[in-house]
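So you can see what is in the structure, the chains are spelled out below.
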Amino acid sequence: MAHNIFKGLGIALITPFMEDGSVDFKSLIRLVEYQLNNGADFFCILATTGETPTLTADEKQKIKDLIVDLVGGRVPILMGCGGNNTAAIVNELQTGDFRGVDGILSVCPYYNKPSQEGLYQHFKTIAAATQLPVVLYNVPGRTGVNMTAATTVRLAHDCPNIVAIKEASGNLEQVDEIIKNKPRNFDVISGDDALTFPMISCGAVGVISVIGNALPREFSKMIRLQMKGEYDGARKIHHRFIDLFSLLFVDGNPAGVKCMLSEMGYIENRLRLPLVPTRISTLQRMSEIMKELKI
């Protein structure tokens, strides 16, 4: 039976761009090595934070190949593979290149707004189309539909290779209900940096993090302290970053973390339309907080 290997600090990896809008592979290599050397436990590639909808098929293939070769098995790799056309996802799973990938992250179908039964049948069909471990991704703020705890638990019981859920509903009662009723070999992963501390306290096993792109050492320390039961130390780190958590997303994701990384000298502050960089006021406040935190 499959089990979840995606625990601790997962990096929701950004895609750096150069001034001409092309993918900045040199900066991507530097960034991944920085994260590996500072506490990253796994990578989540070609998902929301990577601006994947704006990437061409060729760019996605090159990014995937680069990350697989660069990581070289040092940590697991979770790759985005989802959408709102079930048959197209099944075809991608059956014909795509998943060399070096340890699991797939599949988001709830967006725009269609399926029923709970539709969500169940969608993910059951996806799980049957691959031997890879599947991590569900519930993010109703983006998809327009919330997958209930009952549907998540049903999938966890019925599909052996569905091993976890990236839960980003923002509803701690829903998180609690999943953790209470899930099978032993199924895990909950935080999909929200700001809620990672309370979610791990409830029983989540880690986070797929946006802020981890820029501050992997600090954020992984919080998680490790929690896992050892040292909640006071973990809580202090959580509270240090509360203001940054809100600024990260006020102008959309990954605008906030790209602004941080640009201020730190790792990347150009470039996004692809329809996303644009943070407002000047957000950038100024973020810079002030980073100086206060000595980042």
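This structure is a prediction, so every number in the text was calculated from the model and none was measured.

What counts, and where the lines are drawn
Residues numbered from 1 in each chain as written. Predicted model: local features only at pLDDT ≥ 70, side-chain atom pairs only at ≥ 80, totals over all residues. Heavy atoms only, no water. Salt bridge = Lys/Arg side-chain N within 4 Å of Asp/Glu carboxyl O. Helix = DSSP H or I, 4+ residues; strand = E, 2+ residues; numbered from the N terminus. Buried < 20%, exposed > 50% of the residue type's maximum accessible area, 1.4 Å probe, protein only. Core = buried A, V, L, I, M, F, W, Y, C linked by side-chain atoms within 4.5 Å. Contact = heavy atoms within 4.5 Å. Phe/Tyr/Trp six-rings, centres within 6.5 Å; stacked < 30°, edge-to-face > 60°. Polar contact = N/O pair within 3.5 Å; in protein donor to acceptor, adjacent residues only side chain to side chain. Disulfide = S-S within 2.5 Å. Right-handed = clockwise from strand over helix to strand, strands pointing away. Expected span 1.5 Å × (residues − 1).

**Q** Mind showing me how you'd approach the pattern of salt bridges here?
**A** Two side chains carrying opposite charge are able to pair once their charged atoms lie near each other. Under the counting rule described, the total for this entry stands at 16 salt bridges. The partner of Asp 251 in a salt bridge is Arg 279, and the shortest N-O contact between them spans 2.7 Å. Here Arg 279 lies in the loop between helix H12 (255-263) and helix H13 (280-292) and Asp 251 lies in the loop between helix H11 (242-249) and H12, a separation of 28 residues in the sequence. Note on Arg 279: relative accessible area 47%, which makes it partly exposed. Between Arg 285 and Glu 288 there is a salt bridge, and its shortest N-O distance comes to 3.2 Å. Of this pair, Arg 285 and Glu 288 both sit in helix H13, three residues apart, roughly one helical turn.

**Q** How should unusual backbone geometry be read in this particular structure?
**A** Comment: phi is negative for the bulk of residues other than glycine, and the bulk of peptide bonds are trans. Cis geometry marks the peptide bond from Asn 253 to Pro 254, where omega comes out at 10 degrees. In this model, Leu 273 is joined to Pro 274 through a cis peptide bond whose omega is 15 degrees. Its location among the elements puts Pro 274 in the loop between H12 and H13. Of note, the phi angle at Glu 51 is positive, near 55 degrees, even though the residue is not glycine.

**Q** Would you take a moment to explain the nonpolar core for this structure?
**A** Soluble globular proteins tend to pack their nonpolar side chains together in the buried interior. Counting 86 residues, the largest nonpolar core has Val 32, Phe 43, Ile 67, Ile 162 and Leu 244 as the members making the most contacts within it. Tallying contributions element by element places helix H2 (residues 57-71) first for this core, with six residues. Those residues in contact with Val 32 that lie beyond four places of it in its chain are Leu 13, Phe 43, Ile 67, Leu 70 and Val 71. Core analysis: the second largest hydrophobic core is formed by 17 residues, Ala 12, Phe 42, Cys 44 and Leu 78 among them.

**Q** Can you help me understand the packing of aromatic side chains in this one?
**A** Describing an aromatic ring pair means giving the distance of the ring centres and the angle of the ring planes. Tallied over the full model, the rule gives five aromatic pairs. Their ring planes at 65 degrees and their centres at 5.4 Å tell us that Phe 6 and Phe 42 sit as a pair that is edge-to-face. Here Phe 42 lies in strand E2 (residues 42-45) and Phe 6 lies in the segment before strand E1 (8-12), a separation of 36 residues in the sequence. Phe 42 carries the same exposure label as Phe 6, and that label is buried.

**Q** Sorry if this is basic, but what is going on with the side chain of Gln 226 here?
**A** Relative to the helices and strands, Gln 226 is located in helix H9 (residues 216-227). Separated by 3.1 Å, the side chains of Gln 226 and Ser 201 make a polar contact. Dropping the residues within four chain positions of it, Gln 226 is found in contact with Thr 196, Phe 197, Ile 200, Ser 201, Tyr 231 and Ala 234.

**Q** When you look at the state of the cysteines in this model, what are you seeing that I'm missing?
**A** Inspection of the entire model under this criterion finds zero disulfides. This cysteine, Cys 44, is not joined by any disulfide, and Cys 81 carries the nearest cysteine sulfur, 12 Å off.

**Q** Would you mind going over the pairing of strand E7 (residues 187-190) with me for this structure?
**A** When a strand is regular, its side chains alternate between the sheet's two faces. Residues Asp 187 and Ile 189 point to one face of E7 and Val 188 and Ser 190 to the other, with burial holding for every one of them. In this view, the connection linking strand E6 (residues 162-167) to its parallel neighbour E7 by way of helix H7 (residues 172-181) has right-handed handedness.

**Q** What is the right way to read H9 from this model?
**A** It helps to recall that an α-helix has 3.6 residues per turn; residues three or four apart then point in one direction. If you check H9, its first and last C-alpha atoms are 16 Å apart, about what 12 residues at 1.5 Å a residue would give, namely 16 Å. Listing the buried residues of H9 in full gives Pro 216, Phe 219, Ser 220, Met 222, Ile 223, Leu 225 and Gln 226. Just past H9, the residue Gly 229 takes up positive phi, approximately 85 degrees.

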